[in-house]
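# Descriptive analysis of the structure
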Amino acid sequence: MNQIIRVNNLTKTYKNFKRREGVKGALYNLFKREYKDVYAVSNISFTINQGEMVGYIGPNGAGKSTTIKMLTGILRPTSGEVNVSGVCPHKDRLRHTQNIGVVFGQRTQLWWDIAVIEAFSLLKKIYGISENDYTNRLKRFSVAMEIEGLLHTPVRKLSLGERMKCDLIASLLHNPPVVFLDEPTIGLDVAVKMTVRHLIKKINAEEKTTIILATHDLKDIEAICQRVIIIDQGRILYDGGVESIKKNIGRQRKLILYFNKLPTLAEMKTKTGEDHIQLSLKEQRLEITFDRTKKTAAALIGCVMSHFDVRDLEIREPELADIVKGIYEGKYAL
Amino acid sequence: MKAKFYADIFLSYSLQNLKTRLAYRGNFFFGVFGIIIYSVVNIGFLWAIFSNIDGLKGWRFEEVLFIYGMGQFVFGIFSVFFLNFAHKLPKHYIVDGHLDRPLLRPLSPYFQLILENLNFNDLMIILKGMIIMMYCFHLLQLKWHLLTLAEILLFGLSGALVYAGVWVTTASLSFWFKNMSGFFIALYTLNHYSRFPITIYPFWIRFIFTWILPLAFVAFFPSAYFLPDKGFNTTALFVPLIGCLVFGISLMVWNAGLKKYESTGT
C-alpha cells in the first residue's frame, strides 16, 4: 500500500507566559515575563495509506486542530517530520496546496462578494484546472449535492447548509489526493449531513481520495471512516479500526427486558448472576448491562426466559459516542 | 508569466465583485451620499475658518483646499486596495485566524488579502479629489498640461504607497501585539492634520510629518509642487522614493509577521 501521509515524532510547543494576578501583577507582566512551554502536540507518529478514510477525534484542546494545521502547512512543527504526498507541507507550502483540499466547517473558503459559480471558476484559474476536468467535476458534484439552482447566488446569501455543500465542492475541484475536513457537518441538519457524507464517500470510492476527518460528531465517523485516531492532551490514545473499538473497548452491551409483572431486583440478580441491573418502574422494564466477553446474549436471554415471564426484549450495542466519552475520561486502559 | 496569472485572477475577481456590488444599488447610493455629507462638512469647516481670517501664514483657502483635494485623491487610491485589508488584518485575520484560508491556496497570501478586501465604493473618493483639484486649478488660475496629469497620477500612486506602508505596518504589528486596531484612530487624526500646510506647525511636528510618519509626502509636498511661490517645488520629487521606501518596510514587517503566524497560529 502506498503511504500518502507520514507523521514521525511530530511535536508542537507554544510558549505561554505565566500571568500574575491583580493590578500589580499585570504591571509586573509588562516588564518581566516568565515563559513556559506548553505541548499542544507531543511526539505523535502515524501513517495513512492512499484511499483511507480516517477519523481524527479528541476533546476540545486535545491538539486536533494543531495537527491538522501542521499537516496542511499552516503551522510549522517544533520538531518531527511530516510528509504528505511526497511534500513537506510547511517547507513547500505552495506546492503542497495543489495536493490538498481543506474544508473548515466554521469558516467558508468562498469569497463573500461573488456568486458561487464565479468563485468556482476563480478556483479553476487559481489551481490551473483544465476546462474539461472543471466542467465534468462541477457537473458531477453539483448534481450529487443538489446545488444546481444556487450557482448564481452570491455566497453571502447562502444558508449554512448550502454554503457547506459549496465549500466541499470547492475543496474537491482540483481533485486533490488528500482532503482534510475539519468539522464539516457542524450545525447542519440531518438531511444535509447525509448529503455531505454521501459525497465524501463517493469521492473516496471514485478517485481513491484520502480523507482525514476531524469532528466531534461520531455519527460522521461511523458513517465514513474505517479507522479512527483518538488524541488527547497532545498524545495519541488510540489508533485503529472503528469496529474494533466497539468490540474490544465497548464490551458492555445492554439487555432490556419488558415485563407484565416486574420481578424484584434481588430475584433477577440471584437468577442471572449479573450485578449491573437497573430498574424502571414507569415502563415496567429492567436493564441488564453485561460484558460481551464473559457471556453471550443468547445465554443471558435463555437464563432470563426460563425463570421469568418476559413480554418483550431488546439488545443495545454500545454507542461509539459513549465509548469515546469513556476513553476521554480515562475509563479504559488502552 | 506569473504577472499575467495574477493579473488575470485580479481582473476576473474584481469584475465579478463589481457586478455583485452594482446589484445592490441601495448600498452604492448610500455610499455616495455618505461621501457627499463628509465632504460638505470638511470643506465647510475649512471655509468657515478662512472666512474669519485673511490667510494661514500666507496660505489662502483655495490653496489649502487644493491640499485637501490632493489628500482625498491619494487616500482614495490607497483605500480601494488597502484600507479594508489593513483594518481587518488585526482582528479578523490574525486574532480570529482567518489568515489560515489564504495560506491554503497556491497564491501569495498578501495578494489574496488585497483581492478579498477591494473597496470599490471609494473609487468615488478618488473622483471627489480630482474634482476638487480641478476646481482649485481653476480658482488659482494655474495652467495645466498633459504632463501635469502624469505628475498627479505619479504623486497619487506614490502617496498611496506611503499610506499603504504606514497602515499595513501598523496592522502587521498585530502579529506580535495582538490587536493594534486602536492605533488606526491615531493615524486618522494625524492624517487629518497632515493635510494643512506644514509650515504652520512648529519644527517638531514638521519633523514628524517629514521623517517619522512621512504623511507630508502624501498631500502637502505634491500640492506645493504645483503652487508657484511656496518654496517646496522640488521636495515632491522625492515622493516616489519615499513611497517605495515606506511600502518596502511594510512588506518586510508583513513577511516577518507571517513567519510568526506560521509558528504560533495567532
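This brings us to the overall build of chain B. On a plain count of helices and strands, chain B comes out with 11 helices and zero strands. Traced from its N-terminal end to its C-terminal end, chain B shows the element sequence α-α-α-α-α-α-α-α-α-α-α. Relative to the globule expectation of 18 Å for 266 residues, the C-alpha radius of gyration of chain B, 19 Å, shows essentially globular dimensions. Viewed in the frame of its principal axes, chain B has a C-alpha envelope of about 60 × 45 × 35 Å. Sorting the 266 residues of chain B into buried and exposed places 53% on the buried side. A fraction of 76% describes how many contacts in chain B between residues 6 or more apart in sequence connect residues 24 or more apart. Of the roughly 12900 Å² of accessible surface on chain B, 74% is carried by carbon and sulfur atoms. In chain B, 19 positive and 11 negative side-chain charges are present, and the distance between their average locations comes to 6 Å.

Residue and element names in this part refer to chain A. Tracing the backbone through its elements, the reader meets Val310 in strand β13 (residues 310-316). Note: C-alpha distance between Val310 and Gly128 (182 residues apart in sequence) is 67 Å. When neighbours within four sequence positions are excluded, Val310 is seen to be in contact with Leu257, Tyr258, Phe259, Val304 and Met305.

All names here are of chain B. Mapped onto the fold, Glu151 is located in helix α6 (residues 146-172). Of the side chains bearing the opposite charge, Lys143 lies closest to the buried Glu151, which forms no salt bridge; the N-O distance is 14 Å. At a separation of 2.7 Å, a polar atom in the side chain of Glu151 contacts the side chain of Tyr225. Not counting residues up to four positions away in its chain, the partners in contact with Glu151 are Tyr225 and Phe226.

The next point concerns the interface of chain A and chain B. Between chain A and chain B, the residue contacts involve 30 residues of the former and 29 residues of the latter. Regarding the contact of chain A and chain B, the summed buried area is about 2900 Å², with carbon and sulfur atoms giving 55% of it. On the surface where chain A and chain B come into contact, there are six salt bridges. Salt-bridge contacts for Glu262 of chain B lead to Arg76 of chain A; the nearest nitrogen and oxygen are separated by 3.6 Å. Joining chain A to chain B, the criterion identifies 12 residue pairs in polar contact (both at pLDDT 80 or more). Of all elements in the fold, only β1 (3-17), α2 (64-72), α3 (93-99), β5 (100-104) and α4 (116-127) of chain A reach the threshold of two or more residues within the side of chain A that touches chain B. The leading source of residues in the side of chain A that touches chain B is α4 of chain A, at six residues.

This next bit is on the sheet that holds strand β6 (residues 178-182) of chain A. All names here are of chain A. Pairing within the open sheet is mixed, and its six strands lie in the order β5-β6-β7-β3-β8-β9. Two strands in the sheet have a free side with no partner beyond their single neighbour: β5 and β9 (235-241). Averaged over all adjacent pairs, the angle separating strand axes in this sheet is 15 degrees, with direction ignored. In this structure, β5 lies alongside β6, joined through five bridges in parallel fashion. By the bridge assignment, Gly101 is partnered in β6 with Val179. Running over the sheet, helix α6 (residues 160-172) touches β5 and β6 and is turned about 165 degrees from β5.

Residues and elements named next belong to chain A. With respect to burial, strand β8 (residues 227-232) is a largely interior element, six of its six residues being buried. Here β8 shows no split at all, with Arg227, Ile229 and Ile231 on one side and Val228, Ile230 and Asp232 on the other all buried. Pairing analysis gives four bridges linking strand β3 (residues 53-57) to β8, with the strands arranged parallel. Bridge pairing in β8 places Gly55 opposite Val228. Sheet topology places β8 next to β9; six bridges connect them, and they run antiparallel.

Take the nonpolar core next. By size, the foremost hydrophobic cluster in this structure holds 165 residues, and its most contacted members are Ile5 and Phe120 of chain A together with Trp167 of chain B. In terms of residue count, the dominant contributor to this core is helix α3 (residues 61-95) of chain B (20 residues). Leaving out residues up to four positions away in the same chain, Phe120 of chain A has contacts with Leu110, Tyr134, Leu138, Ile147, Leu151, Cys166, Ile169, Ala170 and Leu173 of chain A. Grouped together as the second largest cluster of nonpolar side chains are 15 residues, Phe259, Ile277, Leu286 and Leu300 of chain A included.

Per the stated rule, a full pass over the model turns up 31 salt bridges over all chains. A salt bridge links Lys19 of chain B to Glu118 of chain A; the nearest nitrogen and oxygen atoms lie 3.8 Å apart. Of this pair, Lys19 of chain B sits in helix α1 (residues 2-23) while Glu118 of chain A sits in helix α4, each in a different chain. Taking the shortest distance from any N to any O, the salt bridge between Lys91 of chain B and Asp96 of chain B comes out at 3.0 Å. The class for Lys91 of chain B is partly exposed, based on a relative accessible area of 42%. Judged by relative accessible area, which is 31%, Asp96 of chain B ranks as partly exposed. A single salt-bridge network, built from bridges that share partners, covers Arg140, Lys202, Glu206 and Glu207 of chain A.

All names here are of chain A. Secondary-structure assignment places Thr209 in the loop between α7 (190-207) and β7 (210-214). According to the relative accessible area criterion, Thr209 is buried, its value standing at 1%. Those residues in contact with Thr209 that lie beyond four places of it in its chain are Gly51, Glu52, Pro176, Pro177, Val179, Ile203 and Asn204.

What follows deals with the packing of aromatic side chains. Residue and element names in this part refer to chain B. Per the stated rule, a full pass over the model turns up 38 aromatic pairs over all chains. Here the aromatic rings of Phe50 and Phe61 are separated by 6.0 Å at their centres, their planes lie at 55 degrees, and the arrangement is tilted. In this pair, Phe50 sits in helix α2 (residues 25-50) while Phe61 sits in helix α3, placing the two residues 11 residues apart along the sequence. The class for Phe61 is buried, based on a relative accessible area of 18%. Pairing Phe85 with Tyr110 gives two aromatic rings, centres 5.4 Å apart and planes at 80 degrees, and the pair type is edge-to-face. With Phe85 in helix α3 and Tyr110 in helix α4 (residues 109-116), this pair connects stretches of sequence that are 25 residues apart.

This part covers the packing of α3 of chain B against helix α5 (residues 123-139) of chain B. Residues and elements named next belong to chain B. Following both chains from N to C, one finds α3 and α5 inclined at 155 degrees, their axes separated by 7 Å at the closest point. As far as their axial angle goes, α5 and α3 are roughly antiparallel. The way α3 lies across α5 gives a crossing that is left-handed. Two secondary-structure elements touch here, α3 through Glu62, Leu65, Phe66, Tyr68, Gly69, Met70, Gln72, Phe73, Gly76, Ile77 and Val80 and α5 through Leu123, Ile125, Ile126, Lys128, Gly129, Met130, Ile132, Met133, Tyr135, Cys136, Phe137 and Leu139.

About the criteria used
- Residues numbered from 1 in each chain as written.
- Chains lettered and ligands numbered in written order.
- Predicted model: local features only at pLDDT ≥ 70, side-chain atom pairs only at ≥ 80, totals over all residues.
- Heavy atoms only, no water.
- Helix = DSSP H or I, 4+ residues; strand = E, 2+ residues; numbered from the N terminus.
- Rg over C-alpha atoms; globule rule 2.2 N^0.38 Å.
- Buried < 20%, exposed > 50% of the residue type's maximum accessible area, 1.4 Å probe, protein only.
- Contact = heavy atoms within 4.5 Å.
- Areas by Shrake-Rupley, 256 points an atom, 1.4 Å probe, with all protein chains shown as cover.
- Lys, Arg positive; Asp, Glu negative; His and termini not counted.
- Charge placed at Lys NZ, Arg CZ, Asp CG, Glu CD.
- Salt bridge = Lys/Arg side-chain N within 4 Å of Asp/Glu carboxyl O.
- Polar contact = N/O pair within 3.5 Å; in protein donor to acceptor, adjacent residues only side chain to side chain.
- Buried area = accessible area lost by both parts, 1.4 Å probe.
- Pairing = 2+ DSSP bridges.
- Axes fitted to C-alpha atoms, helices over the stretch in contact; angles between N-to-C directions.
- Core = buried A, V, L, I, M, F, W, Y, C linked by side-chain atoms within 4.5 Å.
- Phe/Tyr/Trp six-rings, centres within 6.5 Å; stacked < 30°, edge-to-face > 60°.
- Parallel < 35°, antiparallel > 145°, perpendicular 65-115°, else oblique.
- Left-handed = near helix turned anticlockwise from the far one by under 90°.

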